[in-house]
Amino acid sequence: MIDVIIVGSGPGGVNAAFPLCEAGLNVLMLDFGNIDKKYRQLVPSEDFTKIRIADNRQHRYFLGDEYEGILLGNIRVGTKLTPPRLHVVADSAELMPVDSDTFVANESLALGGLADSWGAGVLPFREEDFSDMPVSLCDLNQHYRNVAQRIGISGGSDDLSFLFGEHDFMMPPLDIDSNAEKVFNRYKRLKRRFNDSGFFMGRAPLAVCSRPYRGRDAHQYHDMDYWADTDSSVYRPRYTVEELKRFSNFTYMNERFVHSFKERDDNLVDITAGVGKGSRKETYTARAVVLSAGTMGSARIALRSLNKYDVRIPILTNSYTYIPSININMLGQTLRDRRSSHSQLSGMYFSDSSHRWPVLSNFFSYRSLLTFKLLKESPLPQRECLKIMRILMPLFAIITIFHRDSPSPYKYCVLHKSHDSAPDRLEIQYRMSDEELRGIDADEKAIKGFYRQLGCWPIKAIRRAPGSSIHYSGTLPMSREERELTCNAEGRLYGTRSVYVADGSVISPLPSIVPTFTIMAIADRTGKLLAQKLKS
Amino acid sequence: MTENSVYHSKDDVLKKEAVLFARYLLDCDLPREMVDRYMCANEQLGLRALTASDKSILNFSVSYPWSIPFLDAGAGLLQPEAVLRKKIYTMAAVLEASPRYSESFLPENLSTFMFFFRLIASGLKACIKVMIGIPMLMLIRKCAND
């Protein structure tokens, strides 16, 4: 008898599974489970520069066998889905179609979900971020620690740790590159002025090993993190799936696309899943189900199962802007070759004196996403553009900004039933209010000002379409009151006996802080509480 | 013209493009392997001149290679989605992803003086190309539409 079926192998699913397996319950994980079968084995474990001057096969993974890495049209240089990472979104448009002119929906059927190509930032939410949810930071503290121990976190003691706390299992922080070092040194000299204006900078904790941990290697600073995981230092949920497979009471089934659940009169739940992309369906039965198919994926399953077609439910996303900038501190300086591709620094800006709602910015250097992509960003003749980009690159910084999001009647999704064999379609409408847009403009203006004071001069602010941040939440939010299509404090979907949700769907509102670490902590808690309930 | 001769002609044009665009970008000659990669990329990406304007610009640039820098410059401002720009961009990608030419794409660390010298020099060249390229492009487009 299966005790719990978990749908999806993303950060929520694997962290819900762990406490359930540790409690001795029989857990079945149903997952579509796409992996990169082509490029992973081609990428050598060498640093970026050595690969560039030596590897004759580099065109295969840098450009793709079908040249899918040469992005024409409107796709901007900041897109980090390189050919070896494209499996993350493979098949999702076909199996989970979305209709929207106002929202970019990136969904994943990969082993590990969207986190198979995430940025690995692991800041926890603060107490204020839970104010509209029936859980508190106190409820989650132990679960943040559990997850931190499971995934491995590196970080340091600086201004961000006073804001967010330090983790017990912290490994030393990754080294930052020369580009970021100059900026951080300037910040430290002018710290008081920045802090008085509400701006705090530090090295954000990352789920990246700075020393060997749980079978994973320490980060090798090859600057190949957008292309491969040769040192396995960056946490991916698929590593936890491998750990889970060592439990005799855990079963992983891939090529399963879950359609719906149905609660039975005998207190069991049936799950219907398609096998691969074909029409064959299978049914699995368990005492409870945990939906971790992603914010939109879990919403689809819930809406379909409860026959809530054509019903609006909320959807949230962090508004996302990136700002290519020139770091004049690097004029005449040599760019160190040894570096990681990850966020080097994070800056939090509080526009209000009570430090209630921060805006998160991250500082990246640019090199390993390749120079040719920059040619498309400039109207210059490409020969001169190439020469200019080569000399600008050591000074180049990309500052990314995420903004908080709150529900509104103009941000919703609706599942429309398909009347033939085609999949149901999810319509998404998303519009920010004028007040929200003004707030975003004001915050970005302030942040650009801070970075200017740090020597980073913005070239252009590029605000991406809603959804481009690939942070989604709020479709099945936790709620203190029992309302349909919401969850209680334990993650159980109201109106069901034993259907739980453990992914971004439950989070509302969505702070600017990257939600993945909190999704994992909530999932760990949901799994723990469910285990206690099933064993009692 | 038979179907076979049309096919060979298209391939020949692509080979010529590869050689010309590589020379434009890096002043380099291309081995056969790189020409093949460019041709394959064009095929996979569906890079074809579909409008009369695009066809004229591309044909002119291939027939008169001296015009490539100017048409690239003019199109950068007036027609960024021109197929000529996309083909040059594709050539740049193919060149970058090979050990033979990758050093021409890696970041350069320069002294402050050299940084500004090279920046200004490249900027001036770009401006001159744009000033010539814009009227050239407009004339070719006008002839194509007439």
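Residues numbered from 1 in each chain as written. Chains lettered and ligands numbered in written order. Predicted model: local features only at pLDDT ≥ 70, side-chain atom pairs only at ≥ 80, totals over all residues. Heavy atoms only, no water.

### Things to note about the overall build of chain A
Check the secondary structure of chain A and you find 14 helices and 22 strands. Relative to its length of 536 residues, chain A is compact, with a C-alpha radius of gyration of 23 Å against a globular reference of 24 Å. When the backbone C-alpha atoms are referred to their principal axes, chain A occupies close to 75 × 55 × 45 Å. A burial count over chain A gives 63% of its 536 residues as buried. Taking contacts inside chain A between residues at least 6 apart in sequence as the whole, the part at least 24 apart equals 73%. Within the structure as shown, chain A displays about 19600 Å² of accessible surface, and the carbon and sulfur contribution to it stands at 48%. Separation of charge centres in chain A, based on 69 positive and 63 negative side chains, amounts to 4 Å. (Helix = DSSP H or I, 4+ residues; strand = E, 2+ residues; numbered from the N terminus. Rg over C-alpha atoms; globule rule 2.2 N^0.38 Å. Buried < 20%, exposed > 50% of the residue type's maximum accessible area, 1.4 Å probe, protein only. Contact = heavy atoms within 4.5 Å. Areas by Shrake-Rupley, 256 points an atom, 1.4 Å probe, with all protein chains shown as cover. Lys, Arg positive; Asp, Glu negative; His and termini not counted. Charge placed at Lys NZ, Arg CZ, Asp CG, Glu CD.)

### With respect to the packing of aromatic side chains
All names here are of chain A. This model, assessed by the stated rule, comprises 29 aromatic pairs over all chains. Between F194 and F450, the ring centres sit 6.0 Å apart and the planes meet at 65°, which makes this aromatic pair edge-to-face. Taken as a pair, F194 in helix 8 (residues 191-196) and F450 in helix 13 (residues 434-453) lie far apart in primary sequence, 256 residues in all. For the pair F194 and F450, one class covers both residues: buried. Grouped by ring-pair contacts, the aromatic residues F184, Y187, F194, F199, Y349, F450 and Y451 constitute a single cluster. Of note, R338 hangs over the ring of Y221, and the distance from its end group to the ring centre comes to 3.8 Å. (Phe/Tyr/Trp six-rings, centres within 6.5 Å; stacked < 30°, edge-to-face > 60°. Lys NZ or Arg CZ within 6 Å of the ring centre and 35° of its normal.)

### Some points on the sheet that holds strand 3 (residues 98-99) of chain A
Within a beta sheet, neighbouring strands are joined by backbone hydrogen bonds and run either parallel or antiparallel to one another. Pairing is mixed across the open sheet formed by four strands, whose spatial order is 3-18-17-11 (chain A). Every interior strand has two partners, whereas the edge strands, strand 3 and strand 11 (313-314) of chain A, have only one. (Pairing = 2+ DSSP bridges.)

### A word on the environment of L392 of chain A
On the secondary structure map, L392 of chain A appears in helix 12 (residues 382-392). Separated by 249 residues in sequence, L392 of chain A and H143 of chain A place their C-alpha atoms 44 Å apart. Ignoring sequence-local partners within four residues, the contact set of L392 of chain A consists of I326 of chain A together with F115 of chain B.

### Concerning the interface of chain A and chain B
Frequently, the measure chosen for interface size is the accessible area that the parts lose on association. The interface is formed by 45 residues belonging to chain A together with 50 residues belonging to chain B. Around 4200 Å² of area is buried between chain A and chain B when both sides are counted, 63% of it from carbon and sulfur atoms. Where chain A packs against chain B, one counts four salt bridges. A salt bridge links D27 of chain B to R383 of chain A, with the shortest nitrogen-to-oxygen separation between them at 2.9 Å. Run the count over chain A and chain B and you get 21 residue pairs in polar contact (both at pLDDT 80 or more). Where the side of chain A that touches chain B is concerned, the elements lending two or more residues are helix 2 (48-54), helix 3 (58-63), helix 11 (372-375) and helix 12 of chain A. Take the side of chain A that touches chain B: its biggest share by element is nine residues, from helix 12 of chain A. (Buried area = accessible area lost by both parts, 1.4 Å probe. Salt bridge = Lys/Arg side-chain N within 4 Å of Asp/Glu carboxyl O. Polar contact = N/O pair within 3.5 Å; in protein donor to acceptor, adjacent residues only side chain to side chain.)

### Points about the nonpolar core
If you look at the biggest cluster of nonpolar residues, it comprises 206 residues, and the most contacted ones within it are M91 and L95 of chain B. Beyond its immediate chain neighbours, meaning those up to four positions away, L95 of chain B contacts A22, L25, L26, C28, L30, M34, Y101, S102 and F105 of chain B. One finds F32, M96, L109 and F257 of chain A within the second-largest nonpolar core, a separate group that totals five residues. (Core = buried A, V, L, I, M, F, W, Y, C linked by side-chain atoms within 4.5 Å.)

### Focus: the environment of F125 of chain A
All names here are of chain A. Summarising the element assignment, F125 is placed in the loop between strand 3 and helix 5 (137-151). F125 sits in the buried class, given a relative accessible area of 2%. Between the alpha carbons of F125 and F164 there is a distance of 7.6 Å; along the sequence they are 39 residues apart. If we skip the residues at most four places from it in the chain, F125 touches F130, L137, Y144, I507, P511, I513, V514, P515 and T518.

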